[in-house]
Amino acid sequence: MPAPGRGPGGPPLSMPGRRGALHEPADFGPSLGAALALLLLLLPACCPVRAQNDTEPIVLEGKCLVVCDSSPSGDGAVTSSLGISVRSGSAKVAFSATRSTNHEPSEMSNRTMTIYFDQVLVNIGNHFDLASSIFVAPRKGIYSFSFHVVKVYNRQTIQVSLMQNGYPVISAFAGDQDVTREAASNGVLLLMEREDKVHLKLERGNLMGGWKYSTFSGFLVFPL
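In this text the structure is predicted, and so the values were computed from the model without any measurement. (Residues numbered from 1 in each chain as written. Predicted model: local features only at pLDDT ≥ 70, side-chain atom pairs only at ≥ 80, totals over all residues. Heavy atoms only, no water.)

(A) Main features of a nonpolar patch on the surface. On the surface, Leu189, Leu191, Phe219, Val221, Phe222 and Leu224 cluster together into a nonpolar patch covering about 570 Å² of accessible area. For the nonpolar patch, the elements supplying multiple residues, two or more each, are strand E13 (181-192) and strand E15 (215-223). Counting residues per element, the nonpolar patch draws most heavily on E15, which supplies three residues. Classification of Phe222 by relative accessible area gives partly exposed; the value is 40%. (Patch = residues over 30% accessible without salt bridge, like charges linked within 9 Å, V, L, I, M, F, W, Y side chains within 5 Å. Areas by Shrake-Rupley, 256 points an atom, 1.4 Å probe, with all protein chains shown as cover. Salt bridge = Lys/Arg side-chain N within 4 Å of Asp/Glu carboxyl O. Helix = DSSP H or I, 4+ residues; strand = E, 2+ residues; numbered from the N terminus. Buried < 20%, exposed > 50% of the residue type's maximum accessible area, 1.4 Å probe, protein only.)

In structure tokens:
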């Protein structure tokens, strides 16, 4: 029978609460550090970290890419929280056309009564066709348009309409009989679909003597 305080064929045993222990604890320092480092490396693949705005992450081949909210800048580019700027090819759209010379209404189509312009001041994106004086929207969005059509030495009242896809949206009138030059002016914001068309039409009166200094401008406020 083993002597008291000894295990079977072994060294003396220490009782709980007394000095000593069954075994001295092993030194896990280096092993524990390596295990923690490995865990941190594997964590993104198994437990993706979310952004502050709780955006769903995208996991690519074990690597975690967190996509955060982006904010558009004033020039149409989109800048992410990581500082990466992505610019749309059609983000910048603007035009401004003017009439630099006078001409008789015979140059205007008697069927459409389109008001033509002969000089482009700005045409970012090339979506305004000078020959037809028609703007074609490159994409869906909110657009701003304004016009300023001058009548010269004309005692008749004129009505100018901005046409969207062949239908009048807004109109302006000029009919003061006591001035040699007067302008019909107006402006509007329009929701336009891709390939919608906008132009100016003379709805009433005539532009005998020409419409020099008249302008037609528009730009994309923001895409949708």
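(B) Representation of the pairing of strand E10 (residues 141-152). By the criterion of burial, E10 is predominantly enclosed, with 10 of the 12 residues buried. Two elements, E10 and E13, share 12 bridges in a ladder whose sense is antiparallel. Across the sheet, the residue bridging to His148 is Ser185, located in E13. As judged from the eight bridges shared by E10 and E15, these two strands associate in the antiparallel manner. Looking across to E15, one finds that Phe145 is bridged to Gly218. (Pairing = 2+ DSSP bridges.)

(C) Expanded view of the pattern of salt bridges. Within this structure, the stated rule accounts for five salt bridges. The salt bridge involving Asp118 is made with Arg99; its shortest N-O contact spans 3.6 Å. Within this pair, whereas Asp118 is found in the loop between strand E6 (94-98) and strand E7 (119-124), its partner Arg99 is found in the loop between E6 and E7, the two being separated by 19 residues in sequence. Taking the shortest distance from any N to any O, the salt bridge between Glu193 and Lys140 comes out at 3.9 Å. Residue Glu193 is located in the loop between E13 and strand E14 (197-204), and its partner Lys140 is located in the loop between strand E9 (134-136) and E10; the two are separated by 53 residues in the primary sequence.

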